[in-house]
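The chain contents come next:
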Amino acid sequence: MTDQWEHLRGAGLGRGFTGTWVESGDTETVATLLGADLTSRQDCDLATAMAHYRPTAFTERIWTGPHADGWTHALTISGPPPVTSSLTEAGLRFLQIRTLDTHVYDLLYGDGITTARATQRWYGEVSADPGSMIEPYLREAGPPTHIPETVHSGSSATEPEDHGRTCLKSYLLIAGRISGRFIDREWLSGLARKSVGVSG
C-alpha cells in the first residue's frame, strides 16, 4: 500500500488538514450537516479548491465529494475542523483525522449513536474503547513495526519526531478499511473531476 500521507502532502496539504469521512452517499446533505452554506457552493477540482488553502484561517471552506460507495469525503481547505455533532444526530457513522504542522490530533469517530476518540499512547500506539467500531481495524493496523532506541531504553527523552506520523498512518489505514477506499493518486485525480467545493 502506498503512503497516504505522502499523497496528501503532495496535494499541498502538508501544513495541516482535517479529513472527515462520512457514511453517506449524499454529498450535499453531508456538507449541510457539517455547517456548509450551499448557496456559496462552487463546482471545482481539488487544485482549484487549494487556491484557498489556509489551515489556520477563520474562514471555513471544505472540499467535499464522493469517496467510495456509500461514503463522502470532506477535506477542510480553510478554517477550523467542521463540527460533527449533526452527523451523530443524523445517525451517520464518520471518522475525522486532523493535523496541524507536525501535530497529529486523536482520531475522532462516531458510530451513529455516540462519538469517541482513539487516543495516542507512547510511540505510535493507539487505543480505542473495547467493542468500538474501529477496534477490529486498530488490531489490524497493529503496533509500530520499528521502535526507536530511545523508546526501548526508557529514557526521559521527548517523544520521537515520527510518533505523530506513525499514529497518522494507523488513522489513515483505519479510515481506508472502514470506508473501503484508500487515498492514492487515482483517488485525488479521479475525485477531482466530480467533487464540489463548498465554503461555510
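The structure we're discussing is the one just above.
Summarised in this report is the structure supplied together with it.

1. Observations concerning the overall build of the chain
Each helix and strand in the chain was counted, giving eight helices and 10 strands. Taking the contacts inside the chain whose residues are at least 6 apart along the sequence as the reference set, 66% of them involve residues at least 24 apart. On the chain, roughly 10000 Å² of surface is accessible, and the fraction owed to carbon and sulfur atoms is 48%.

2. Comments concerning unusual backbone geometry
Not every positive phi belongs to a glycine, and Asp101 is a case in point at roughly 55°. If you trace the backbone, Asp101 turns up in the loop between β5 (93-100) and β6 (103-104). Judged by relative accessible area, Asp101 falls into the exposed class, the value being 53%.

3. Details of the pairing of strand β4 (residues 71-78)
Most of β4 is tucked away, with eight of its eight residues classed as buried. When strand β1 (residues 16-22) meets β4, the two strands line up antiparallel, connected through five bridges. Its bridge partner being in β4, Gly19 is matched across the sheet by Leu75. Of the pairings in the sheet, the one linking strand β3 (residues 61-68) to β4 comprises seven bridges and is antiparallel in character. From the neighbouring strand, Trp63 faces β4, where its bridge partner is Leu75. In sequence, β3 turns back onto β4 through a hairpin of two residues, with Gly70 there showing a positive phi of about 80°.

4. Here we look at the side chain of Ser24
Relative to the elements of secondary structure, Ser24 occurs in the loop between β1 and α2 (27-33). Given the relative accessible area of 14%, Ser24 is considered buried.

5. Concerning the packing of aromatic side chains
Inspection of every chain in the model, using the stated rule, returns one aromatic pair. Their ring planes at 25° and their centres at 5.8 Å tell us that Trp5 and Phe17 sit as a pair that is stacked. Of this pair, Trp5 sits in helix α1 (residues 4-10) while Phe17 is found in strand β1, placing the two residues 12 residues apart along the sequence. Taking NZ or CZ as reference, Arg98 lies 4.0 Å from the ring centre of Tyr105, over its face.

The rules behind the values
- Residues numbered from 1 in each chain as written.
- Predicted model: local features only at pLDDT ≥ 70, side-chain atom pairs only at ≥ 80, totals over all residues.
- Heavy atoms only, no water.
- Helix = DSSP H or I, 4+ residues; strand = E, 2+ residues; numbered from the N terminus.
- Contact = heavy atoms within 4.5 Å.
- Areas by Shrake-Rupley, 256 points an atom, 1.4 Å probe, with all protein chains shown as cover.
- Buried < 20%, exposed > 50% of the residue type's maximum accessible area, 1.4 Å probe, protein only.
- Pairing = 2+ DSSP bridges.
- Phe/Tyr/Trp six-rings, centres within 6.5 Å; stacked < 30°, edge-to-face > 60°.
- Lys NZ or Arg CZ within 6 Å of the ring centre and 35° of its normal.

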